[in-house]
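Observations on the model geometry
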Amino acid sequence: WGPNHAAAPIVSRWKRADDGTVMERAGKPLLEIIVIMRQDGGGWALPGGFMDIREDRSHTVRREFTEEALRFNQGADKEEIEEELDGLFDEARSVWTGITEDPRNTDNAWVESEAFSVHDGLGTGVGKFTLE
């Protein structure tokens, strides 16, 4: 009974040309965000999911991003990637909280979500990761 808590990161960066300059359209920088293809019914979505018992939302967004958007290739320095993620997600800020429309919602139980913005302004963090 009651709310089921979920969290999702909106991970973004500026789109860059091969020489590292920020690409623009009509004088405005182009923004890229990371989305995933859902395995439970298809469709594009933000990575995210339900909170574990006694887990805070900031930990949930980092865990869900790692589980759903990253894959660790052979030879990847997992420790370096973990440090980069720590740096990025330390700057996460809540941008939306509310009840999410979900087919599992009932009169007695529903999904309450919180979205966090995580922006890699320099393009040095997210660009290092191998995305699925």
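To keep things clear, this report deals only with the structure shown in the data block. (Residues numbered from 1 in each chain as written. Predicted model: local features only at pLDDT ≥ 70, side-chain atom pairs only at ≥ 80, totals over all residues. Heavy atoms only, no water.)

Quick notes on the packing of aromatic side chains
For clarity, the cut-off: A pair of Phe, Tyr and Trp rings is counted when the ring centres sit within 6.5 Å of each other, with Trp represented by its six-membered ring. The angle between the planes then sorts it: under 30 degrees is stacked, over 60 is edge-to-face, the rest tilted. Starting at the N terminus, helices and strands are each numbered in turn, a helix being any DSSP run of H or I of at least four residues and a strand any DSSP run of E of at least two. Note on classification: 1.4 Å probe, protein chains only; a residue is buried when its accessible area is under 20% of the maximum for its type, exposed when over 50%, partly exposed between these limits.
Counted by the stated rule, this structure contains one aromatic pair. With a centroid separation of 5.6 Å and an interplanar angle of 50°, the aromatic rings of Phe-65 and Phe-89 are classed as tilted. Of this pair, Phe-65 sits in helix α1 (residues 57-69) while Phe-89 sits in helix α2 (residues 78-90), and the two are 24 residues apart along the sequence. Phe-65 gets classed as buried once you look at its relative accessible area, which sits at 1%. Accessibility expressed as a relative area gives 10% for Phe-89, which makes it buried.

A word on the pairing of strand β9 (residues 109-120)
The cut-off we apply is this: A pair of strands is considered paired only if DSSP assigns at least 2 bridges between the two.
Relative to β9, strand β1 (residues 2-14) is paired through 12 bridges, and the arrangement is parallel. Its bridge partner being in β9, His-5 is matched across the sheet by Glu-112. As paired elements, strand β8 (residues 93-100) and β9 share seven bridges and run antiparallel to each other. The residue of β9 that forms the bridge with Gly-98 is Ser-113.

Side note on the layout of surface pockets
We apply this condition: As defined here, a cavity is a set of points on a 1 Å grid over the protein atoms alone where a 1.4 Å probe fits but cannot get out. A pocket is an open set with protein on both sides within 12 Å along at least five of seven lines, and residues line them when an atom is within 4 Å of a point. Grid points are joined across faces, edges and corners, and a volume is the space filled by probe spheres set on the points.
By volume, the largest pocket amounts to about 440 Å³. If you go around the largest pocket, you meet 20 residues; those closest to its centre are Ala-6, Arg-38, Gly-48, Gly-49 and Ser-113. Only β1, β7 (49-50), β8 and β9 provide two or more residues apiece to the lining of the largest pocket. With four residues, the single largest contributor to the lining of the largest pocket is β9.

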